[in-house]
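Letter by letter, the chains look like this.
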Amino acid sequence: MEKKDIKSLTLTELKEEMTALGEKPFRAVQLYEWMHQKQARGFEEMTNISAAMKAKCGESYLYTALRIVTVQESAIDGTKKYLFALSDGNMVESVWMRYKHGNSVCISSQVGCRMGCRFCASTLDGLVRNLSASEMLDQIYAITRETGERVSNVVVMGSGEPLDNYENLLRFITLLTDENGLHISQRNVTVSTCGIVPMMRKLAQEKLQITLALSLHAATDEKRRELMPIANQYTLEELMACCAYYFEQTGRRITFEYSLVRDVNDTRRDAETLAALIRGLNCHVNLIPVNPVKERAYVQSERQAVEAFAALLAKKGINATVRREMGRDIDGACGQLRRRFLSEAEEG
Ligand code: SAH
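Numbering of residues starts from 1 in each chain and follows the order in which that chain's sequence is written. With pLDDT at 70 or above as the cut-off, local features in this predicted model cover only qualifying residues; side-chain atom pairs require 80 or more to be listed or tallied, and sums for whole chains, interfaces and linings still use all residues. Computation of side-chain values covers all heavy atoms of the structure but excludes hydrogens and water.

## Considerations on the pattern of salt bridges
Our working definition: Salt bridge, as used here, is a side-chain nitrogen of Lys or Arg placed within 4 Å of a carboxyl oxygen of Asp or Glu. What counts as a helix is a DSSP run of H or I of at least four residues, what counts as a strand is a run of E of at least two, and both are numbered from the N terminus. Burial status follows relative accessibility: with a 1.4 Å probe on protein chains alone, a residue under 20% of its type maximum counts as buried, one over 50% as exposed, and anything between as partly exposed.
This structure, assessed with the given rule, holds 18 salt bridges. A salt bridge links glutamate 23 to lysine 56; its shortest N-O distance comes to 3.0 Å. Taken as a pair, glutamate 23 in the loop between α1 (11–20) and α2 (25–36) and lysine 56 in helix α3 (residues 51–60) lie far apart in primary sequence, 33 residues in all. For lysine 56, a relative accessible area of 28% corresponds to the partly exposed category.

Pasting the structure below:
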């Protein structure tokens, strides 16, 4: 039988496990603290747990751990990019950013991705597998240890489509925001999706206080279909209705991500169409100059075009910011580091 992943269990589940093993429930509290507050890398680090108990846990449970493969630090802004190896040898990347309001970690939710967005490096080889809740937490725990600093914000915007890994994502959010764990406020958690409408509706019904970011990238169905295959499944009309529903259910303002690609979606006309599309929605627009990916032909918009785009939205009363590009010098874009590493390994 496959061993249960102990770090993905809630405290309540862990108490039930301990009872089943013939242990007292307070053991669960101790184990949980070691895993989620002290962020122990294995049972062996748990000094107040008896050797016999550690051995029993080792036999009964899987304890996930990440190995740091590389860390790159940006000389420009101190952003750090981590490449981690999972227990099965697969690799994921995470990014650590220092902002005035605290430290933010961007985590991956899958190894690879099957959404196929044309400008994205994570999806080039398709989906390898989902990450478990513990593997998502491990990225944050490993970075906290390595930097020695507390993480206050978490964004699920690395490789993978989080709503394509829904159950594990929710479990991850539950554990991450639990008062017995790292206790990050739900308001400091952002989940980014390419727009899987039924899953967004399901998420709305959970009534969490997290921020939902929607990767829009185009304001007409035709253009969006060119950039994102998911647009063949759901129209912008359905997507906008779904965003309004999300706000209605949660009271949380939606963030729209819009990556600007030169001559593809960055003209004045595009900005006007976007403004008309989202008018009346309680939202915020994040403009991101597209990060050129070696395998793709897309080129960043000119600085002037980015500024004109933002100015037009502002004039229409739409809240928009141009995202600062952090870590440009260190393969900051989704999936780039893992790909580079994999291809260098292949070239040997
Ligand atoms: N699958 C989720 C989250 C991961 S991608 C989603 O689609 O939202 C995080 C964000 O980075 C998305 O908005 C995605 O469209 C964007 N992105 C991916 N590759 C990019 C690139 N090369 N340049 C700019 N943004 C990119």
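Okay, back to it.
## Looking at the sheet that holds strand β5 (residues 91–99)
Rules: When DSSP finds two or more bridges between two strands, those strands count as paired. Axis definition: a line fitted to C-alpha atoms, over the contacting stretch in the case of helices. Angles run 0 to 180 degrees between N-to-C directions.
Taken together, the 10 strands give an open sheet; going across it, the order is β3-β4-β5-β6-β9-β10-β11-β12-β13-β14, and neighbouring strands pair in mixed fashion. Only two strands of the sheet have a single neighbouring strand rather than two, namely β3 (67–73) and β14 (320–322). Sheet twist, expressed as the mean angle between neighbouring strand axes with direction ignored, is 20°.

## Observations regarding the site of the ligand
Just so we agree on the cut-off: We call a residue near a given molecule or strand whenever any one of its heavy atoms falls within 4 Å of it. Whenever a nitrogen or oxygen atom comes within 3.5 Å of another N or O atom, the pair is scored as a polar contact, on the condition that within protein one atom can donate a hydrogen and the other can accept it, and that pairs from neighbouring residues in sequence are kept only if both atoms are in side chains. Note on areas: Shrake-Rupley, 1.4 Å probe, and residue coverage restricted to the protein chains presented here. Here the nonpolar group is Ala, Val, Leu, Ile, Met, Phe, Trp, Tyr, Cys and Pro; Asp, Glu, Lys and Arg are the charged ones; every other residue, Gly included, is treated as polar.
Around the ligand, the surrounding shell holds 18 residues, and the nearest of these are Gly160, Ser192, Ser215, His217 and Asn291. A distance of 2.6 Å separates an oxygen atom of the ligand from a polar side-chain atom of histidine 217. The fraction of the free accessible surface of the ligand (540 Å²) that becomes covered by protein chains is 93%. Of the residues belonging to the shell around the ligand, the class tally is 8 nonpolar, 8 polar and 2 charged.

## As for the environment of threonine 47
One can find threonine 47 in the loop between α2 and α3. Taking the C-alpha atoms as reference, threonine 47 lies 9.3 Å from tryptophan 34; in sequence the two are 13 residues apart.

## Side note on the environment of leucine 274
What counts, and what does not: Contacts were defined at the residue level, with two residues in contact if any of their heavy atoms lie within 4.5 Å.
Looking at the element boundaries, leucine 274 is found in helix α9 (residues 268–278). Excluding anything up to four places from it in sequence, leucine 274 contacts Leu216, Ala219, Tyr258, Phe309 and Leu313.

Treat this as a map of the structure, not an account of what it does.
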